[in-house]
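Given next are the chains, with one letter for each unit.
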Protein chains: 4
Amino acid sequence: MSNKIEFQIENLGVPKLKSPLQLSTVRGDDIFTFISETDKMVFDTSLEGYAKCLANNEEPLCFEKAGPRQNIHFDPENSTAAIVTCGGLCPGINNVIRGIVMALHYFYGVKKILGVPYGFEGLNPEMGHGFIELTPDKVKDIHQFGGTILGSSRGAQDVSVMVDTLLKNDVQMLFTIGGDGTLKGCNAIGEEIMKRGLDISVVGIPKTIDNDVDIIDKSFGFETAFDIASPILKDAHNEAAGAYNGIAIIKLMGRDSGFIAASASLAMPVVNFVLVPELDFELYGKNGFLEVLKSRLETKHHAVIVVAEGAGQHLFEKNDVMTDASGNVQHDDIGIFLKQKIKDYFSDVFPVTIKYIDPSYIIRSAAANSSDSVFCSSLAYQAVHGAMSGKTKFVVGKVNDKFVYLPISAVVSKRKKIDLEGGFWFSVLQSTGQPFFLG
Amino acid sequence: MSNKIEFQIENLGVPKLKSPLQLSTVRGDDIFTFISETDKMVFDTSLEGYAKCLANNEEPLCFEKAGPRQNIHFDPENSTAAIVTCGGLCPGINNVIRGIVMALHYFYGVKKILGVPYGFEGLNPEMGHGFIELTPDKVKDIHQFGGTILGSSRGAQDVSVMVDTLLKNDVQMLFTIGGDGTLKGCNAIGEEIMKRGLDISVVGIPKTIDNDVDIIDKSFGFETAFDIASPILKDAHNEAAGAYNGIAIIKLMGRDSGFIAASASLAMPVVNFVLVPELDFELYGKNGFLEVLKSRLETKHHAVIVVAEGAGQHLFEKNDVMTDASGNVQHDDIGIFLKQKIKDYFSDVFPVTIKYIDPSYIIRSAAANSSDSVFCSSLAYQAVHGAMSGKTKFVVGKVNDKFVYLPISAVVSKRKKIDLEGGFWFSVLQSTGQPFFLG
Amino acid sequence: MSNKIEFQIENLGVPKLKSPLQLSTVRGDDIFTFISETDKMVFDTSLEGYAKCLANNEEPLCFEKAGPRQNIHFDPENSTAAIVTCGGLCPGINNVIRGIVMALHYFYGVKKILGVPYGFEGLNPEMGHGFIELTPDKVKDIHQFGGTILGSSRGAQDVSVMVDTLLKNDVQMLFTIGGDGTLKGCNAIGEEIMKRGLDISVVGIPKTIDNDVDIIDKSFGFETAFDIASPILKDAHNEAAGAYNGIAIIKLMGRDSGFIAASASLAMPVVNFVLVPELDFELYGKNGFLEVLKSRLETKHHAVIVVAEGAGQHLFEKNDVMTDASGNVQHDDIGIFLKQKIKDYFSDVFPVTIKYIDPSYIIRSAAANSSDSVFCSSLAYQAVHGAMSGKTKFVVGKVNDKFVYLPISAVVSKRKKIDLEGGFWFSVLQSTGQPFFLG
Amino acid sequence: MSNKIEFQIENLGVPKLKSPLQLSTVRGDDIFTFISETDKMVFDTSLEGYAKCLANNEEPLCFEKAGPRQNIHFDPENSTAAIVTCGGLCPGINNVIRGIVMALHYFYGVKKILGVPYGFEGLNPEMGHGFIELTPDKVKDIHQFGGTILGSSRGAQDVSVMVDTLLKNDVQMLFTIGGDGTLKGCNAIGEEIMKRGLDISVVGIPKTIDNDVDIIDKSFGFETAFDIASPILKDAHNEAAGAYNGIAIIKLMGRDSGFIAASASLAMPVVNFVLVPELDFELYGKNGFLEVLKSRLETKHHAVIVVAEGAGQHLFEKNDVMTDASGNVQHDDIGIFLKQKIKDYFSDVFPVTIKYIDPSYIIRSAAANSSDSVFCSSLAYQAVHGAMSGKTKFVVGKVNDKFVYLPISAVVSKRKKIDLEGGFWFSVLQSTGQPFFLG
């Protein structure tokens, strides 16, 4: 059961200080009970999974339950924390920053909290960005705004330089809010710290608007993303239906996974086609996308198509793979491509009117909705509890609807994708009327 | 393990007809796989729970996984379904109606679907309401509207009369969307059907804006509810901060459970006090609510108080318990009461300005947000799959983030409440700064 | 033509300093041209009004055009301004504050700007509130929030004391944002200043969510008010239609004038009755409100009623008139009254379900919508231009869609009301189907 | 005074039938008074304009006041009306359709109302679109949706064919909702009708999201347009501020006039540059746009640029002017162009991050906000009153805040543009800090 070892969180040492939180150690007194290291949650909750463990007489794969520990590792009064936000915008970043600051300040009494400007760049003194001192007063209203008050950047910096910066500024806890690349970077910082034998905890709060972090139920900002996208689909439908044989194409985020495209389409059931990276579709041929689109127009005279940015990459002729500063594969623009292919195809068939909508930045820069706000503050609180107890190189997330700690390494090995045989995708097909296969 | 038996869903018989859904029976073909009756999900997902089962050598408490079955019980072409909506408004009712109609019509080919007007009243011919024939065209846009297109009513009708009505109209499947009382009514109908040996399936889709249905993760409409409530808390804060020693009191729904009040306060962290039914607080005395409120005003000169409608009932002198037509205990108005008590208390202390806000109907009548829209259509689809397979007296819900079927009897025995020792309430206390005890 | 004299703005002296604004004095150079004192706008724009002037050989009643003057009265570098906000909340107050600060600071170079806390109370040193120094950095984001960052209060303070405070703090310009009572107070301050021969300008920016300031086209916040109210009417309709013979009553603001109730009902045409203070309606009798309501229910089985808070005051038996701290007549609660009367009336007729909604604070505390934001910043800029030029005891407003200056005295003598014979009310009756007379 | 003749509305004859509206002919009875043909409103409301007329002893340029007339031309019971919507989407079209149907049906008793599908195409039988019968029940909820329920198209159809269609279907009144090209088409239909001596009234309701119809205060949908655009500017600011030297470019509608770009920037004051078609700016040189942008970045490290689609056309090298199907000049894409020029310019200067946002379709397809809803229903009512009284070839609009009728010919001769020397543009410059000249 190698997996079980993978899910073990590393710790900077056995925590020896008494937590300043006035909590309980027993149930029944109406006071929250400290979480113990033996509080664990099973990953595979199917009866089949249980039966398998039982048959093999082995413990199931488990996660550490997140929450405040009775003993902590860092002395709050003499600790400095730092927060850094990396990569593209995503609803809820400011909520997470706010939650971390509030938790460090009010729950534990950590008074010195540094905001690192413009992502990992801010940990490289050469960039000359300096730090922003974060206080409750400074962050109390920021949850109402999208974006990140710290600024962000893409791409890596020299790990050794960043650890030097942490050391020079006497930072004990580094909270990194970022996606796959950022989490890998955070892990590398954590490993360098271990190598040098330093007493610094590094924590990741996974940020991916695409909801493609492996294992965890969902990432923050994702619900807001399709909440913002869904009325735009209604707009698109207005545009499509407003013209004879009107076609609206909406390109949504989703580099490797089509969760936003699929969820928004479920939320606003005016969509006829959802093209996601997971789906291997063809344009031409009897059951190809264009032929099916033509049938749709012949009967209903309008169509709404949602396409995730990473969909249909197999349709391009590739020479070289290009990546952005974060190391993400740069996709050819499927939206523009699709628009052109549809235009070409119908030029011989019948006149169509095509409207193309790309609302990505509007979605990325939105403020978190209520559900994400609640989620973000909980993530922040749990991250602080874990860091204060001396855990390191971990992320906080929800699995099977419970907050747990996971090793960074466990969530960055691969991306979460839509299971084309699962219930979620089946819902999408049921809702849109799209066939299982296109081509 | 009597519980296991409770969680067993009853069936009208072994389903013998082939499902018209073109799905798969094996994994790996990119087509959704039918759910088998042996697909089950474990309830208690803690390692402790697992260990207990292991020690006792018994199967853990499980739920049937929801989804389409390979064999169905009703012949779609010769089946009639009916949908009824009962009790107070809740965001998402129309989405559920829409989802049921679409699933019955398009997935299975059930063409005759009756909308029952004005709740259980509509199943009593004496009321003279008649039926509304539901078609895809009639329901396609209704997800954009709050309320219920069928109308609703509170209270019970004679079970025997309702079963007669189903029989007379040749109804094979009754979908009831409603709360605790409605589900009990639905169960009673199901039992009468069993007693008479009829071939009619009854299904419940739990509807409670308070999110107080036992066992299931959440009920539909709940997320929208606190999503609508949360900006109103910001408004309230504007009112409170706009006056010297300004106090805003917002009364939110929550007859027995304070989930809306607590979640909205977490989502919009401008709240200083959250008073919920689960909390046994005192007004007077050294650590009583009014004294703590006074301290708050002395330092910050404004305060925001969220109170759930069922909070503080112990503060009233009761003579007789009164119930509404749905059988719910009628609460004294804690909001008005609190306003008066605060006014009285401060009349001798210093001048305060009190603003009282009761947005209940605005919240109840809202359209579902995107997250609830996705949730509602999935609930509807799963309900249809279950009914078509001949299951009866069951509800559909999410437990540990997975869709499952549960016997109605399992969820109506008691209300779900906030665990005052749990992580959720602890988050609320952390976010508001409210002490564990008031009084 | 005594009116013409009334509309003359008083000035602290002939302005002698050169404006720092780099504007033009001629047309045709693509640079804004300074407004001259002879730029005037006619009030009565009907041909009939024009003909009357022609016949009598007299100049029509005019207003001074608002805008920057070539000469100013105050030396920006040595000037201090103060801003005070009084009375109930209204969308847009923060936008006006922001606009004034930006205009004083960036356009003219006035660096010292005092925020007066909690209304006129803040000009009474006894209250001990102090001042808040306002800078562009402090106000740059406040337009996104409802309420007032300065706080507010109702009621008057000793005029002499307030003038002393202005003098003691070397204030040259006082900007007062408030309603009828506030503007009268502002005028009294201006008169005391004149009496003492001081060199202080006082300016009013009329704030009344009810839109009842005489002469001017509309007051800021009013459009936002019915923009917020109108979806609530849709909610109310959902509640009404959700029950058999369901009735929704929505009480909206409108102490003396029903503009919000009427406009919201026009904007969301689901309303059947709009009861405003201007309308003299009866409850009972053949054509009385209750009888007409009954007819409506008999045919449609639900009804939506919007009632302005000041409507139907003639229906109460009055002993003493009560006023609030601002001197406004305290109305009996027509909403609760109506609910009770409807309940009583139908108790003998047929069962009805009544839902009562009072969203007042939610509307008052909202942030300005886009239209009001544009309007508020223009009002603020114009107020600053007028004050800098040494005008005093004036308000800024739009008349016939143009920005003008008006003497405070001209707008406070009476309230603007809906003209029951005018086109606006006729639209409301057309839209709702409500008869001209009720009773 | 040739203008006065231009503003005269043509009539199909002296109306002889009694209006079915139960209105009054005298003031003082609390009932709306019919509008008389002599009720006129003066256009130029400046004292200067009055004085000029007075000096020349001539009547000022006037408009006919809109509203119901005591005598009407068409017999409602035997009349058929038709409604057609042309050109691009604009918020409020459905509200106007709804208002026309309601006014015809309920006020006058016209029962036969034809919806013409897909613009003028629908009046060409060759297209085979047929008609949609419009009833109150069909239109009662459509005001809540953006788009047009009738569909639209661009471009002209043969006038003679369209008049034949009206004749064949016995249409007495044609309501055309559309922009400049549509209104010209409507006028041409009206002239053909006159030439043939037919008894058909044609009415225009000017629809231009750009607000560029000459003479009238504003066109419907415009306020909604910048209300939708303004939070997107906030998003854009989040994106710009989220990166070091981040630049956000937002392209908004505005083919010949920059009202949306300017108003949205005033409403959401996070914008640093507003580039409109009226402004003749240069990219390069000491005071050129790029140099000024560089200065901004050097001090603030982010910038937000709003550009109207028709701005900067002088910067392109033109060979041929291209027009779309509506005859509008097709602009080169200034947004993409600007993005490229900025990228090129800074490639030698310092690294910048550019985010490009084009929300046009999201704005066009939105539902009307409350203010526009009120406006649209009034426009519709006034259009119906005018048509019923036999007026033809006219539009309805607001001038100086009053509803009037204008000849179509008066509003289509040229486009309304931002006056660069007027107060509105000055507000924009004040709010953004943008200099009068760029280049």
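Reading guide: rules and limits
Residues numbered from 1 in each chain as written. Chains lettered and ligands numbered in written order. Predicted model: local features only at pLDDT ≥ 70, side-chain atom pairs only at ≥ 80, totals over all residues. Helix = DSSP H or I, 4+ residues; strand = E, 2+ residues; numbered from the N terminus. Rg over C-alpha atoms; globule rule 2.2 N^0.38 Å. Buried ≥ 20, exposed ≤ 12 C-beta atoms within 10 Å, placed from the backbone. Contact = placed C-beta atoms within 7 Å. Least-squares fit on C-alpha atoms with pLDDT ≥ 70 in both. Axes fitted to C-alpha atoms, helices over the stretch in contact; angles between N-to-C directions. Parallel < 35°, antiparallel > 145°, perpendicular 65-115°, else oblique. Nonpolar A, V, L, I, M, F, W, Y, C, P; charged D, E, K, R; others polar. Pairing = 2+ DSSP bridges. Right-handed = clockwise from strand over helix to strand, strands pointing away. UniProt positions renumbered as here; feature names shortened; annotations may be inferred. pLDDT = per-residue confidence, 0-100.

(A) Here's a closer look at the overall build of chain A. Along its length, chain A carries 14 helices and 17 strands. On C-alpha atoms alone, chain A measures out to a radius of gyration of 24 Å, which is about the 22 Å that the 2.2 N^0.38 rule sets for 439 residues. Seen through its C-alpha atoms, chain A measures out along the principal axes to roughly 75 × 60 × 45 Å. Relative to its 439 residues, chain A shows a buried fraction of 59%. For chain A, the proportion of contacts with a sequence separation of at least 24, taken over those separated by at least 6, is 77%.

(B) Representation of the relation of the copies chain A and chain B within the structure. With an axial shift of 0.0 Å and an RMSD of 0.0 Å, the rotation relating chain A to chain B amounts to 180°. This pairing of chains is accounted for by a two-fold axis. Residue Asn400 of chain A of chain A places its C-alpha closer to the rotation axis than any other residue of that unit, at 2.5 Å. Interface residue correspondence from chain A to chain B reaches 100%, placing this contact among same-surface, isologous pairings.

(C) A look at the packing of helix 12 (residues 370-388) of chain C against helix 8 (residues 259-267) of chain D. As a packed pair, helix 12 of chain C and helix 8 of chain D sit with axes 8 Å apart at the nearest point and diverge in direction by 75°. Considering their axes alone, helix 12 of chain C and helix 8 of chain D lie roughly perpendicular with respect to each other. Only Ser263, Leu266 and Ala267 of chain D of helix 8 of chain D make contact with helix 12 of chain C, whose side of the interface consists of Ser370, Ser373, Val374 and Ser377 of chain C. Each residue belonging to the contact of helix 12 of chain C with helix 8 of chain D can be placed in one class, and the counts come to three nonpolar, four polar and no charged.

(D) Layout of the interface of chain A and chain B. With 46 residues of chain A in contact, the opposing surface of chain B contributes 47 residues. Every element with two or more residues in the side of chain A that touches chain B is listed here: strand 3 (40-42), helix 2 (47-56), helix 7 (222-241), helix 8 (259-267), helix 12 (370-388) and helix 14 (423-432) of chain A. Counting residues per element, the side of chain A that touches chain B draws most heavily on helix 12 of chain A, at seven residues. A breakdown of the residues in the side of chain A that touches chain B according to their chemical character gives 20 nonpolar, 18 polar and eight charged.

(E) Structural context of the relation of the copies chain D and chain A. Overlaying chain D with chain A gives an RMSD of 0.0 Å, the required rotation being 180° about an axis along which the chain moves by 0.0 Å. Taken as a fraction of all interface residues of chain D, those also at the interface in chain A reach 100%, which identifies the copy contact as same-surface.

(F) Fine view of the sheet that holds strand 13 (residues 302-308) of chain A. Residues and elements named next belong to chain A. Strand order in the open sheet made by the four strands is 12-13-11-14, with parallel pairing throughout. In this open sheet, the two edge strands, each paired with only one partner strand, are strand 12 (273-275) and strand 14 (353-357). Neighbouring strand axes in the sheet, compared pairwise and without regard to direction, differ in orientation by 15° on average. Bridge analysis of strand 11 (residues 246-252) against strand 14 gives five bridges, and the strand direction is parallel. Bridge assignment links Ala248 to a residue of strand 14, and that residue is Lys355.

(G) Geometry of the pairing of strand 9 (residues 173-178) of chain D. Residues and elements named next belong to chain D. Buried residues dominate strand 9, accounting for six of its six residues. What you see with strand 9 is no split at all: Met173, Phe175 and Ile177 on one side and Leu174, Thr176 and Gly178 on the other are buried throughout. Note that strand 6 (residues 80-85) and strand 9 share five bridges and pair parallel. Residue pairing across strands places Ala81 opposite Met173, the latter belonging to strand 9. Where strand 9 meets strand 10 (residues 201-206), six bridges bridge the pair, whose relative direction is parallel. Counted as the bridge partner of Ile177 is Ile205 from strand 10. Remark: the strand 9/helix 6 (residues 180-196)/strand 10 crossover connection has right-handed handedness.

(H) Just the UniProt feature "binding site: substrate" (unreviewed entry) in chain A, in detail. Residue and element names in this part refer to chain A. Within this numbering scheme, the UniProt entry marks Thr208, Ile209, Asp210, Met253, Gly254, Arg255, Glu309, Tyr361, Ile362, Ile363 and Arg364 as carrying the feature "binding site: substrate" (unreviewed entry). Within the fold, Thr208 resides in the loop between strand 10 (201-206) and helix 7. In this structure Thr208 comes out as buried when scored by C-beta crowding, with 28 C-beta atoms within 10 Å. For Thr208, the contacting residues outside a window of four places in its chain are Gly179, Asp180, Val213 and Ser219. By the element assignment, Glu309 lies in the loop between strand 13 and helix 10 (334-347).

(I) Geometry of the interface of chain D and chain A. The partner chain A presents 24 residues to the 24 residues of chain D that form the contact. When contributions to the side of chain D that touches chain A are tallied by element, the ones reaching two or more residues are helix 7 (222-241), strand 14 (353-357) and helix 11 (360-364) of chain D. Ranked by residue count, the leading element in the side of chain D that touches chain A is helix 7 of chain D, at five residues. In terms of residue class, the side of chain D that touches chain A is made up of twelve nonpolar, nine polar and three charged.

(J) Highlighting the confidence of the model for chain A. Taken over all residues, the pLDDT of chain A has a mean of 94, while the share at 70 or more is 96%. The ipTM, which scores confidence in the relative placement of chains, is 0.94 for this predicted complex, and the corresponding pTM is 0.95.

(K) Looking closely at the pairing of strand 17 (residues 402-407) of chain A. Residue and element names in this part refer to chain A. Most of strand 17 is tucked away, with five of its six residues classed as buried. Inspection of the sheet shows strand 4 (residues 62-65) paired to strand 17 by two bridges, in the antiparallel sense. By the bridge assignment, Lys65 is partnered in strand 17 with Val404. Looking at chain direction, strand 16 (residues 394-399) and strand 17 are connected through six bridges and run antiparallel. When the bridges of strand 17 are listed, Val395 appears paired with Leu406. Count of turn residues in the strand 16/strand 17 antiparallel hairpin: two residues, of which Asn400 carries a positive phi of about 50°.

(L) Representation of the environment of Met194 of chain C in the model. Residue and element names in this part refer to chain C. For Met194, the location among the structural elements is in helix 6 (residues 180-196). Note on Met194: 15 C-beta atoms within 10 Å, which makes it partly exposed. When the C-alpha positions of Met194 and Leu12 are compared, they lie 8.5 Å apart, and in sequence the two are 182 residues distant.

(M) Region of interest: helix 14 (residues 423-432) of chain D. Burial runs high along helix 14 of chain D: seven of the ten residues are buried. Inspection of helix 14 of chain D places Gly423, Trp425, Phe426, Ser427, Val428, Gln430 and Ser431 of chain D among the buried residues, and these make up the whole buried set. Buried residues in helix 14 of chain D make contact with helix 3 (93-108), helix 12 and strand 17 (402-407) of chain C together with helix 8 and strand 12 (273-275) of chain D.

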